[in-house]
Amino acid sequence: MTTHLSLEPQQLYHTCDTEQFGFQTTADLDDLTEIIGQMRAMDALHFGAGIRHEGYNLFVLGPSGIGKHSMVRQFLEKKAKGEHERADWCYLNNFAQPHKPIALKLPSGRGAELRQRMQQLVDYLRTAIPALFESEEYRAKAGAIQEEFSKRQEQAFKELGEDAVKQEIVLLRTPDGFAFAPTRNHEVIPPGEYEKLPDEERKRVEAAIAGLQERLEKILRQVPQWRKERHERIKQLDRETTLSTVGHLMSELKEAYAELPEVLKYLDLVQQDMVDNVDDFRKQEESETIGGMTIVTRQSFHRYQVNVLVSNGKEAGAPIISEDNPTYSNLVGRVEHIAQLGALVTDFTLIKPGALHRANGGYLLLDVRKVLVQPFAWEALKRALQSREIRIESLGQMYSLISTVSLEPEPIPLDTKIVLFGDRLLYYLLQEYDPEFEELFKVAADFEERIERNADTHLLYARLISTLTRKEALLPFDRSAVARVIEHSARLAGDAERLSTHMRGVADLLREADYCAREAGRTVVQAADVQRSIDTQIRRQDRLRDRLYEAILRDTLMIATQGEVTGQINGLSVIELGNFAFAQPTRITATTRLGDGELVNIEREVKLSGAIHSKGVLILSSFLAARYARNQPLALSASLVFEQSYGLVEGDSASLAELCALLSNLANAPIKQSLAITGSVNQFGQAQAIGAVNEKIEGFFDICAARGLTGEQGVLIPAANVKHLMLRRDVVAAAEAGQFRIYAVENVDQAIAILTGLPSGEAGAGGEYPEGSVSRRVAARLAELSEISKSFARQSGKKPEAKKEPD
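Predicted model, so just to flag it, every value in this text is computed and none were measured.

### Quick notes on the packing of aromatic side chains
Centre distance and the angle of the planes are the two values used to describe a pair of aromatic rings. A complete count under the given rule lists 15 aromatic pairs for this structure. Plain terms: the ring middles of phenylalanine 95 and tyrosine 266 are 6.4 Å apart, the flat faces sit at 25° to each other, and that makes the pair stacked. Here phenylalanine 95, found in the loop between β2 (87-92) and β3 (102-107), pairs with tyrosine 266, found in helix α8 (residues 261-276); they are 171 residues apart in sequence, far enough to count as distant. Judged by centre distance (5.1 Å) and plane angle (75°), the ring pair of tyrosine 427 and tyrosine 428 falls under edge-to-face. With a relative accessible area of 45%, tyrosine 428 lands in the partly exposed category. Members of the aromatic cluster, connected to one another through ring pairs, are Phe59, Trp378, Tyr427, Tyr428, Phe437 and Phe441.

This is the structure:
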């Protein structure tokens, strides 16, 4: 009665027919230019990259390794070629407010050109201006101005002296300044003789000296004004002299940038500053003694430099930038400092760009996890997108952590499409907990992990293999090798009707198969090389699996593969370690006794049961009550346990096994230990699909094969999992030889019939089950327990209460 449930060997492994391929090796195939099976994601990418409204940035979803980054970059590179030219961004000195540098946008390549021209201008003026001021022409003009003012001063003093002589008074120059003295016969009168002069004479002399003194003071008051005028004349001469050289050079520069008014404005400011500070060019070195040390400082002329923040040269199209280390400063830029005489100083030439600057006008590709783990980076990115400008701010200044003087660079307008890459979990967490996320990243490009498997995708996969072999300089793959890669891809997808899009895993397999073929001295990779690569991948990771199976084979872990036991069954769970998964056969036991309908999950009692597993156990109680105790109390207490399990038990893939063990105990029907079972069950007893079905079957097969195949061993799986089967060749070979069987069951009735060899039994019109069936035995046992419960109730004088089942 169970033969029709046993699967045929061809159902256990869906081969890839090599006859469908019209090529001999992948060298005969063209490169793959389209994206396989990602139409939804590519449509979203095309929309998100094309729409230019605020907030339409992209979030690319999907697990790592499926080639999201390379596919997105490939798409963007094609799109970026036809977009507007890149721009150069520079920071210039703000001559009015040096702590607020000015941002300047230039056409692509013009930034580096302006920097070079300004450097050449400064280098030329550093030698030209000193030489100009040493010229005979300048010296003659400066000497003439000096002589003019000297003559004016001397003339004033001469006229004063002559007037004094006329009044018999002489103007004397002393170390303390000017003085007047009376004379006689052009000789100064000594003080003694002066006292002997008549009073009238002395009064005349004093009055004359007073008048002359007043005129002298007036002249002395004019001397600083004359000096100032002389200084202004000299300065004006310096300006004219400087302008004669600088103005000519600036005119040439302005002609080169005539179409850029911002550059012309800047050049005017540079010219004015050079003229105003021409002494910096004349005296390019200054010495100062501090603490006994003579420090020589040289003029660097930094203020005339052009800090080219972003230079795109002559590259065409929009920039595409990937930032692998998205720290705060790597995103928005930073202002560096240098140590000078024990202090930290900075200027606009020490402003460094961030990824947002380099990607301005194009696309910035970021890993969202890396952005989130960097302090302040996520908030800085959102702030830039919301304000649509890149503002360079020092974190130390922002949070008042340091008192070093910093700069306030002018913000640069931001026109960048941000593309974030991340797992689905991060996307949905951000969408749930960050209210700004949905406003800034409105387009989700969700990449598929699997694609449909058919003849068309087989050929596309072959072309993909051909493309990868050429890109990686690998040996060509023949048809059998391509078919084996496709079959392995289906195994990675866990579905015989689907193929994995995990390109990293496929590429790794191709490289390793190439290595195996070269070691074997072949010029073409064959299926045997691919299989050897698969085997070695497993071998590198299967140490723990071998130790576990060794413990089972040495009876340290008790797993029976022969005989029959009541209330005991072989369940199958899966352990995942990184990219490697393997089955762990587990003994599940069930005991029943008189009770009030309680089903005890021992794992749950000791807090080793996950929520999903606990749910599966509660479903068993509902199934028993609904099928066997509709009109009577469920006078049963049962216990279920995973024997020799010392960790958390999660998932409901063992609920079908638990139900069969429970029914076996109630019916006193032994279960064949040569069989194992996996599957979930619902309240109606229907078997439901589970994951990792291939690993589970192979795990039990390995234990049976190590102990010796008898033809009685096998595994029961839900019928819904048949389409997922891609078993190892040795398992398929054993099934072909009739030494191992795979049973597909649709419900618990089919499962218990295979496990016990007894019919499950269907209820008749009167609700009675056939004689000798498992259900008849279960119903009889529950009726017996109910009668015993009623008997105890009568003896105690209490009416038994039916346990209320959940709605």
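### Comments concerning the side chain of threonine 589
You can see threonine 589 is positioned in strand β24 (residues 580-594). Looking at threonine 589, its side chain comes within polar contact range of the side chain of glutamate 643, at 2.5 Å. Ignoring anything within four residues of it in the chain, the contact list for threonine 589 reads Gly567, Gln568, Ser639, Leu640, Val641 and Glu643.

### Regarding the nonpolar core
Counting residues in each nonpolar core, the largest one holds 55 residues, and the members touching the most others are Phe477, Val530, Ile697 and Phe740. The set of elements that each furnish at least two residues to this core consists of α17 (455-471), α18 (479-493), α19 (503-519), α20 (527-539), α25 (693-707), β31 (714-718), α26 (729-736) and β32 (741-745). In this structure isoleucine 697 touches Val715, Ile717, Leu725, Leu727, Val731, Phe740 and Ile742, once residues within four positions along its chain are discounted.

### A closer look at the layout of surface pockets
For the second largest pocket, the calculated volume is near 1000 Å³. Lining the second largest pocket are 40 residues, and of these Ile66, Gly67, Lys68, His69 and Ser70 lie nearest its centre. Split by residue class, the lining of the second largest pocket holds 15 nonpolar, twelve polar and 13 charged.

### Observations regarding the sheet that holds β2
With antiparallel pairing, three strands are arranged side by side in an open sheet as β3-β2-β9. In this open sheet, the two strands that pair with only one neighbour each are β3 and β9 (307-310). Adjacent strand axes in the sheet meet at a mean angle of 35° when their direction is disregarded. As paired strands, β2 and β3 are joined by six bridges and run antiparallel to one another. Each bridged residue has a counterpart across the sheet, and for tyrosine 91 the counterpart in β3 is alanine 103.

### Some points on the sheet that holds strand β4 (residues 169-174)
In a beta sheet, neighbouring strands are held together by backbone hydrogen bonds and run either parallel or antiparallel to one another. Taken in spatial order, the three strands line up as β4-β5-β6 in an open sheet, and their pairing is antiparallel. Looking along the sheet, the strands with just one partner apiece sit at the ends: β4 and β6 (187-188). Strand contacts of helix α5 (residues 136-166): β4 and β5 (177-184), with the helix running at about 140° to β4, the strand carrying the most contacts. Docked against the sheet, helix α7 (residues 199-256) engages β4 and β5, running at close to 155° with respect to β5.

### Looking at a nonpolar patch on the surface
There is a patch of nonpolar side chains on the surface, built from Leu425, Leu429 and Tyr433 and spanning about 370 Å² of accessible area. Residue placement: leucine 425 occurs in helix α15 (residues 424-433).

### Some points on the pattern of salt bridges
Overall, the coordinates contain 41 salt bridges when judged by the stated rule. For the salt bridge of arginine 511 with glutamate 472, the shortest nitrogen-to-oxygen distance reads 3.2 Å. Remark: glutamate 472 occurs in the loop between α17 and α18 and arginine 511 occurs in helix α19; sequence separation between them is 39 residues. The partly exposed category is assigned to arginine 511, whose relative accessible area is 34%. Three or more residues are tied together by salt bridges with common partners; here these are Arg491, Glu695, Glu698, Asp702, Arg728 and Asp730.

### A few points about the environment of glutamate 113
Structurally, the position occupied by glutamate 113 is in helix α4 (residues 110-133). By relative accessible area, which is 26% here, glutamate 113 ends up partly exposed.

### Concerning the pairing of β24
Here ten bridges tie strand β23 (residues 568-577) to β24, and the two strands are oriented antiparallel to one another. Within β24, the position partnered with isoleucine 569 by the bridge is isoleucine 588. Connecting the antiparallel pair β23 and β24 is a turn made up of two residues, with glycine 578 showing a positive phi of about 65°. Inspection of the sheet shows β24 paired to strand β26 (residues 636-642) by seven bridges, in the antiparallel sense. Looking at the pairing, isoleucine 588 lines up with phenylalanine 642 of β26.

### Describing the confidence of the model for the protein chain
Here the protein chain averages 86 in pLDDT, and 93% of its residues register 70 or above. The model gives residues 802-807 a pLDDT under 50, and that stretch makes five contacts with residues more than four places away or in other chains.

### Considering unusual backbone geometry
Backbone geometry at phenylalanine 376 places phi at a positive 70°, although glycine is not the residue there. Among the secondary structure elements, phenylalanine 376 is positioned in the loop between α12 (368-373) and α13 (377-387). We note that aspartate 555 has phi near 65°; this positive angle belongs to a residue other than glycine. Relative to the elements of secondary structure, aspartate 555 occurs in the loop between α21 (543-553) and β22 (564-565).

Each value, and the rule that gives it
Residues numbered from 1 in each chain as written. Predicted model: local features only at pLDDT ≥ 70, side-chain atom pairs only at ≥ 80, totals over all residues. Heavy atoms only, no water. Phe/Tyr/Trp six-rings, centres within 6.5 Å; stacked < 30°, edge-to-face > 60°. Helix = DSSP H or I, 4+ residues; strand = E, 2+ residues; numbered from the N terminus. Buried < 20%, exposed > 50% of the residue type's maximum accessible area, 1.4 Å probe, protein only. Polar contact = N/O pair within 3.5 Å; in protein donor to acceptor, adjacent residues only side chain to side chain. Contact = heavy atoms within 4.5 Å. Core = buried A, V, L, I, M, F, W, Y, C linked by side-chain atoms within 4.5 Å. 1 Å grid on protein atoms, 1.4 Å probe; cavity = no way out; pocket = protein on both sides within 12 Å on 5 of 7 lines; lining within 4 Å. Points joined across faces, edges and corners; volume = space filled by probe spheres on them. Nonpolar A, V, L, I, M, F, W, Y, C, P; charged D, E, K, R; others polar. Pairing = 2+ DSSP bridges. Axes fitted to C-alpha atoms, helices over the stretch in contact; angles between N-to-C directions. Patch = residues over 30% accessible without salt bridge, like charges linked within 9 Å, V, L, I, M, F, W, Y side chains within 5 Å. Areas by Shrake-Rupley, 256 points an atom, 1.4 Å probe, with all protein chains shown as cover. Salt bridge = Lys/Arg side-chain N within 4 Å of Asp/Glu carboxyl O. pLDDT = per-residue confidence, 0-100.

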